[in-house]
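Notes for the structure review
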Amino acid sequence: MYRFLLTPRWWGINLFAVLAIPLCVFMGTWQLGRFEDRVQSHEQAAKQPAPGARAAKPLDDLLPVDTVTSGRPATATGRYADQFVVPGRELDDKSGFYVLNMLRTDDGKALPVVRGWLPGRPGHTPVPAAPAGEVTVTGDLQASENTGTDGVDTAGGLPDGQLGMISAASLVNLVPYDVYDAWVTLQDTDSDGDAEDGALRPVPAVAPQGSGLDLKAFQNLGYTGEWFVFAAFVLFMWFRLVRREAEAARDVRLGLVPDTDADTDPDAGTRTA
């Protein structure tokens, strides 16, 4: 009854099912692994103590930035150099901008330091001057931003002195010295009063990308279900086609329906004459 499975047409159908089902299962398992990794990273991040409760370490001891070192207090010593403002950044649902200074360390390399946040628009709000002379800063370590970071301006065309993305890749074209592939945000801005009075407000550190149960994490879970559904659908359709073909072959054998192959056989008339 099932000899039709060995025909050329069914060889193609069988090959498709044999390849498609394992592929769907593999992709579903991979997406599930991505979701589990994000859950694990989220749990590890939740177990980490608050940034203020951890001891500060030298910057070089915490590089490169990863899910473990992101948010850790880092210290660096140097002199403030170029200053930039990073527009389009919100804090407590208010629109404003970051004040960023390059800290030239003893080895000549510079660390981007976000000294704080101010409301309003650049050019319309006075920016407090950076401290002069050698300073030692302590700030929460952050990875370089990318196009997927909230608040990043990727449109370009910003005026001189403004920066759309805090990253070594964007800063290296604006300053004549090497830049660390990281930045820190100061929690002690050395400013008194509110931002409304022109005082800098500290910018909270954010969790590293991929370490939380965000929309992307649940997208991975949704894709997992889709791939497993595809695998089940392919298997279901294969069984359905096999069953229909077997029933058709049985009906022909019992004479319930005419044998279409015989009707189209040019020798059929000779045999029945």
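What counts, and at which threshold
- Residues numbered from 1 in each chain as written.
- Predicted model: local features only at pLDDT ≥ 70, side-chain atom pairs only at ≥ 80, totals over all residues.
- Heavy atoms only, no water.
- Helix = DSSP H or I, 4+ residues; strand = E, 2+ residues; numbered from the N terminus.
- Buried < 20%, exposed > 50% of the residue type's maximum accessible area, 1.4 Å probe, protein only.
- Contact = heavy atoms within 4.5 Å.
- Areas by Shrake-Rupley, 256 points an atom, 1.4 Å probe, with all protein chains shown as cover.
- Phe/Tyr/Trp six-rings, centres within 6.5 Å; stacked < 30°, edge-to-face > 60°.
- Polar contact = N/O pair within 3.5 Å; in protein donor to acceptor, adjacent residues only side chain to side chain.
- Pairing = 2+ DSSP bridges.
- Core = buried A, V, L, I, M, F, W, Y, C linked by side-chain atoms within 4.5 Å.
- pLDDT = per-residue confidence, 0-100.
- Patch = residues over 30% accessible without salt bridge, like charges linked within 9 Å, V, L, I, M, F, W, Y side chains within 5 Å.
- Salt bridge = Lys/Arg side-chain N within 4 Å of Asp/Glu carboxyl O.
- Lys, Arg positive; Asp, Glu negative; His and termini not counted.
- Charge placed at Lys NZ, Arg CZ, Asp CG, Glu CD.

1. Focus: the overall build of the protein
Broken down by element type, the protein carries six helices and six strands. In sequence order, the protein lays out its α and β elements as α-β-α-β-β-β-β-α-β-α-α-α. Across the 273 residues in the protein, those meeting the buried criterion constitute 34%. A separation threshold of at least 6 residues defines the contact pool for the protein, and within that pool the share at least 24 residues apart is 65%. Surface exposure of the protein reaches about 16500 Å², of which carbon and sulfur atoms provide 56%.

2. Regarding the packing of aromatic side chains
A full pass over the atoms with the stated rule returns three aromatic pairs. Judged by centre distance (6.1 Å) and plane angle (55 degrees), the rings of phenylalanine 35 and phenylalanine 218 are tilted. Highlighted residues: phenylalanine 35 in helix H1 (residues 8–47) and phenylalanine 218 in helix H4 (residues 215–253), separated in sequence by 183 residues. Centre to centre, the rings of tryptophan 227 and phenylalanine 230 are 5.8 Å apart; their planes meet at 90 degrees, and the pair counts as edge-to-face.

3. Comments concerning the environment of threonine 29
Mapped onto the fold, threonine 29 is located in helix H1. Overall, the relative accessible area of 46% leaves threonine 29 in the partly exposed class. Taking the C-alpha atoms as reference points, threonine 29 and tryptophan 227, 198 residues apart in sequence, are found 8.6 Å from one another. At a separation of 2.8 Å, a polar atom in the side chain of threonine 29 contacts the main-chain carbonyl oxygen of valine 25.

4. Here we look at the pairing of strand E6 (residues 183–186)
Of the two faces of E6, the one holding Trp183 and Thr185 and the one holding Val184 and Leu186 are both buried throughout. In this structure, strand E4 (residues 110–119) lies alongside E6, joined through two bridges in parallel fashion. Bridge pairing in E6 links valine 114 to threonine 185.

5. Examining the side chain of threonine 105
Following the sequence through the fold, threonine 105 ends up in strand E3 (residues 94–105). Take threonine 105: its relative accessible area is 13%, and that puts it in the buried class. The contacts of threonine 105, once residues within four sequence positions are left out, are Thr77, Gly78 and Tyr180.

6. Brief notes about the nonpolar core
Ranked by size, the top nonpolar core spans 18 residues in total, and within it Phe84, Tyr98, Leu100, Met102, Val114 and Ile166 carry the most contacts. When residues of this core are traced back to their parent elements, those giving at least two are strand E2 (73–91), E3, E4 and helix H3 (168–171). Residues contacting isoleucine 166, with those up to four places away along its chain left out, are Val86, Tyr98, Leu100, Pro112, Val114, Ser144, Glu145 and Trp183.

7. Thoughts on unusual backbone geometry
Of note, the bond from leucine 63 into proline 64 is cis; its omega dihedral lies within 30 degrees of zero at -5 degrees. Here proline 64 is to be found in the loop between helix H2 (59–62) and E2. Even without being a glycine, aspartate 92 presents a positive backbone phi close to 55 degrees. Along the chain, aspartate 92 falls in the loop between E2 and E3. Accessibility expressed as a relative area gives 53% for aspartate 92, which makes it exposed.

8. Digging into the confidence of the model for the protein
A residue-level look at the protein finds 82% of positions with pLDDT of 70 or above and a mean pLDDT of 83. Low pLDDT (under 50) marks residues 262–273, which in the prediction has three contacts with non-local residues, meaning those over four places away or in another chain.

9. Some points on a negative patch on the surface
Negative charge collects at one region of the surface, where Asp60, Asp61, Asp106, Asp107, Glu134 and Asp178 lie side by side. By relative accessible area, which is 51% here, aspartate 60 ends up exposed.

10. Section: a nonpolar patch on the surface
A cluster of nonpolar side chains, Leu15, Val18 and Leu19, forms an exposed patch at the surface whose accessible area comes to about 310 Å². Relative to the helices and strands, valine 18 is located in helix H1.

11. A short note on the side chain of arginine 72
Structurally, arginine 72 is set in the loop between H2 and E2. Here arginine 72 is buried and forms no salt bridge, its nearest opposite-charge partner aspartate 66 lying at an N-O distance of 8.2 Å. Sequence-distant contacts of arginine 72, defined by excluding residues within four places in its chain, comprise Arg54, Ala55, Lys57, Leu62, Gly139, Asp140 and Leu141.

12. With respect to the pairing of strand E5 (residues 134–142)
Sheet analysis places E2 next to E5, joined by seven bridges and oriented antiparallel. Paired with proline 73 across the two strands is aspartate 140, which belongs to E5. One ladder, built from four bridges, connects E5 with E6; its direction is antiparallel. By the bridge assignment for E6, glutamine 142 is matched with tryptophan 183.

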